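Architecture and fold: a report
Residue strings, one per chain:
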Amino acid sequence: MRARIRPFAHADSEAVVRLSLLAWAPVFASFQEVLGPRIYARLYPDWQTQQRDVVEKALADANTVTLVAEVAGVVAGFIAFILDQQEKTGEVWLLAVHPDYQGHGIGTALNEWVVERMRESGMTLAVVGTGGDPGHAPARRSYEKAGYTAFPQVRYFKAL
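First, a word on what this report is: a plain description of the structure on this page. Just so it is clear, the model here is predicted, and its values are computed rather than measured.

So, about helix α5 (residues 137–145). The α-helix winds at 3.6 residues per turn, so residues separated by three or four positions along the chain end up facing the same way. By the burial criterion, the buried members of α5 are A137, S142 and Y143. Next to the buried residues of α5 lie β4 (89–97), α4 (106–120) and β5 (125–128). Of the residues trailing α5, G147 is marked for its positive phi of about 95 degrees.

So, in C-alpha cells, the structure goes:
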C-alpha cells in the first residue's frame, strides 16, 4: 500500500483527530489493563477528550511540523515533530495510523520521511518516546524499522 506523504492542511484536522483516537484505543485499553482500574481512572478519566486536546494542540502549534499520509485520497496516518536548532535534535511528538491501514508500512514511511527531513535540516539526533506496554507494540515496531534504538525506561505508579 503506497501512501503519499504531504504537509498537514487545516482541512485534515478532523480526519487526523478521528484516526488518532481509533489508533490509540488499544493503547488506552492496554494502559487500563496494566495500571488497573483505580490508577487508570485517576490518570485517564476521559482519555478521548484528553487525546483530542493533545492532537489539536499539536496541529495548532507553530513550532510543530505535521505531515499526513494519504492513501487513495484518505488521510491514513500522521506524524508531528519539532526541530530544536540549538540542540540539533528532532523529536517526534505524535504518530498515528488508522487501524484499517496499520501493518502496511505507513508508520515506517512517515518515520523515515521525517528522519530524512531532520537530517536535511542539520539535526544530528532524532528522538521519539513510546510506551513499553502491549498497546504500543505497533509503534515500537515502526520506530525500530525506521532505525531508532530503544532505551528502556520504567515509570511506576501507586494508588494512594
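The discussion continues.
Turning next to unusual backbone geometry. Phi at A72 takes a positive value of approximately 50 degrees, unusual for a residue other than glycine. With respect to the helices, strands and loops of the structure, A72 is situated in the loop between β2 (65–71) and β3 (74–84). Since its relative accessible area comes to 81%, A72 is described here as exposed. Even without a glycine there, the phi angle at K88 is positive, about 60 degrees. Locating K88 in the fold gives a position in the loop between β3 and β4. Take K88: its relative accessible area is 33%, and that puts it in the partly exposed class.

Within β4, seven of the nine residues are buried, leaving the element largely enclosed by the surrounding structure. Pairing of β3 with β4, which is carried by eight bridges, proceeds in the antiparallel orientation. Following the sheet pairing, L83 is matched in β4 by G90. Counting the residues in the hairpin turn of β3 and β4 gives four residues, including K88, whose phi is positive at 60 degrees. Bridging between β4 and β5 involves four bridges; their strand directions are parallel. Opposite G90, over in β5, you have A126 as the bridge partner. For the segment spanning β4, α4 and β5, crossover handedness is right-handed.

Rules behind the numbers
- Each residue is numbered by its place in its chain's sequence as written, counting from 1.
- Per-residue local features of the predicted model are confined to residues with pLDDT of at least 70, and side-chain atom pairs are confined, for both listing and counting, to 80 or more; whole-chain, interface and lining totals are unaffected and use all residues.
- Only hydrogens and water are set aside; all other atoms, that is, all heavy atoms of the structure, feed into the side-chain values.
- We call a residue buried when its accessible area falls under 20% of the maximum for its residue type, exposed when it is over 50%, and partly exposed in between, using a 1.4 Å probe and counting protein chains only.
- A run of DSSP states H or I qualifies as a helix once it reaches four residues; a run of E qualifies as a strand once it reaches two. Both are numbered from the N-terminal end.
- Any two residues whose heavy atoms approach within 4.5 Å at even a single point are treated as in contact.
- Pairing between strands is defined by DSSP: at least two bridges between them are needed.
- By convention, orient the strands away from the viewer: a clockwise path from the first strand over the helix to the second makes the crossover right-handed.

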